[in-house]
Structures are given as structure tokens and as C-alpha cells.
Amino acid sequence: MQYSGYEYIWLYEKCDQLSLLDGHVRAFKALGGIPQRIVYDNLSLAVKKVLGGERELTDKFKSLVSHYLYEPCFTRVGEGHNKGGVEQAGKNIRLQHMTPIPQADSLKQISEEIQNQIKTSYHKKLNAERISVAKAFEEEKKYLKALPEREFDPRVMVMCKVSNKALVRIEGADYAVPQTWARLDAKAYIGVEEITVACKGTQ
């Protein structure tokens, strides 16, 4: 958050569109609202094509923006200094909280621990206005848009065929499903942490 200096992080195994979308959902929930405007670089996960000063968004990213109704703004192509504050914030988090590299059983555990450390520091850390980040964020929260009743679903849906052995292959891995689904068509919803397979009205 630009004024308060409040930061939210979550670590992912992949730098893909699913992670990008999932990160937005988590961040909005953690903030308790939606910023009216968010600045991005011209990442291909969000931008399909640069058309002068306009951007043609990828379908899934456009769905995210439409769901949360905020304004996505993009930096000028080749102008890295347009987002220097974001780059510096990322560097600071890496140096302060990820050096040496944290150890845990999962990225989820590491993410939660780092986020707790960051939130604890906000009562002492001052922003550019020399106000504690915690206090400044309470002021800034007043300008966040309310969250919609329903969360955006960042998952990717793919059609799959259940084998005669009641297995479905998704991204190179086989998953067992009920035997009664053998030889039927099913849908797989691929998330960051889990995969849900649906068939015959059940999951």
C-alpha cells in the first residue's frame, strides 16, 4: 500500500497466472478490502498486448478485475523506474525476512511466518510520513472498496477423461477417483494447493 507502506506477501512454487490470481484473492482478503487502483508492470500473465497507451488484458486477469472492480494501471514499457518502489519493497523483504533462506515443511508455513513477522514490525516501523505503518494503514483502510460477497475463483478448469481403472491424468500425474466414474468425462479444477475433480454432480 503506497501511503501506509503496508505489505502483503505469499510464496508460490510457480510464477504463473494461477499464482498471480490466487495472490490477489489472498491479498484482498488480508487487507480487508480492495484498493481502488493497482499499478503493474507489463507482465504477460496480465497483459495480452500493448496498444500504445492501452493494454489488452488476458481473459482470466480481465475476469479478476471485473469481479473486484478496481482500476489496473500499467507502467510505461521500458521504464523500470516507474515501479521502483515495488522493486525496493521486494528487495527489503528478501533481505530482512528471507536471508538466510527460511526452513519449514511447506511454503505455506514460511509465508505465514514471514507475514506475521512483517505485521508485528508495523507497530514500530515508520512510513515516509514518519507515522507507524500500523497506524497509517488504519487510515488507509477507510479508502478501500468493500469485498464482494463471493470470492473470485482463480482455479483453472480442464476437461478430463476417467480411465477404465478410475484414474484421471492431470498435468502428468494420475489421480484416483471413485470406480463408478470409470470411462466417464469429468472436470478438474486446478488450484494452487489442491485439485478438485467433479463428475456426476459430486466432487
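What you are looking at is a predicted structure, and each value in this text was computed from that prediction instead of being measured. (Residues numbered from 1 in each chain as written. Predicted model: local features only at pLDDT ≥ 70, side-chain atom pairs only at ≥ 80, totals over all residues. Heavy atoms only, no water.)

### A short note on the state of the cysteines
Throughout the structure, instances matching the rule amount to zero disulfides. Sulfur of Cys 160: no disulfide; nearest cysteine sulfur belongs to Cys 199 and is 8.5 Å away. (Disulfide = S-S within 2.5 Å.)

### A look at the packing of helix H1 (residues 17-31) against helix H2 (residues 59-68)
Between H1 and H2, whose axes approach to 10 Å, the crossing angle comes to 10°. Between H1 and H2, the angle falls in the class roughly parallel. Where H1 crosses over H2, the handedness of that crossing is right-handed. Note on element contacts: H2 touches H1 through Lys 60, Phe 61, Leu 64 and Tyr 68, opposite Gln 17, Leu 20, Leu 21, His 24, Val 25 and Phe 28. Residues of the contact of H1 with H2, tallied by class, amount to seven nonpolar, two polar and one charged. (Axes fitted to C-alpha atoms, helices over the stretch in contact; angles between N-to-C directions. Helix = DSSP H or I, 4+ residues; strand = E, 2+ residues; numbered from the N terminus. Parallel < 35°, antiparallel > 145°, perpendicular 65-115°, else oblique. Left-handed = near helix turned anticlockwise from the far one by under 90°. Contact = heavy atoms within 4.5 Å. Nonpolar A, V, L, I, M, F, W, Y, C, P; charged D, E, K, R; others polar.)

### Some points on the pattern of salt bridges
Under the definition given, this model contains eight salt bridges. The partner of Lys 48 in a salt bridge is Asp 59, and the shortest N-O contact between them spans 3.5 Å. Of this pair, Lys 48 sits in strand S2 (residues 47-51) while Asp 59 sits in helix H2, placing them 11 residues apart in sequence. One network of salt bridges, in which partners are shared, links Asp 22, Arg 26 and Glu 193. (Salt bridge = Lys/Arg side-chain N within 4 Å of Asp/Glu carboxyl O.)

### Points about the packing of aromatic side chains
In total, this model carries six aromatic pairs according to the counting rule given. Within the aromatic cluster, the residues linked to one another by ring pairs are Tyr 6, Tyr 122 and Phe 137. (Phe/Tyr/Trp six-rings, centres within 6.5 Å; stacked < 30°, edge-to-face > 60°.)

### Quick word on H1
Over its 15 residues, H1 runs 21 Å from end to end, which matches the ideal 21 Å to within 8%, given 1.5 Å per residue. Buried residues dominate H1, accounting for 11 of its 15 residues. Contacts from the buried residues of H1 go to strand S1 (37-40), H2, helix H5 (133-140) and strand S8 (185-190). (Expected span 1.5 Å × (residues − 1). Buried < 20%, exposed > 50% of the residue type's maximum accessible area, 1.4 Å probe, protein only.)

### Here we look at unusual backbone geometry
Each neighbour pair has its own omega, and for Thr 99 with Pro 100 the value is 0°, a cis peptide bond. Within the secondary structure, Pro 100 sits in the loop between helix H3 (84-97) and helix H4 (107-121). Positive phi is not limited to glycine here, since Glu 171 has a value of about 50°. The phi angle at Arg 183 is positive, at roughly 70°, despite the residue not being glycine. Of note, Arg 183 is situated in the loop between strand S7 (173-176) and S8. The exposed category is assigned to Arg 183, whose relative accessible area is 55%.

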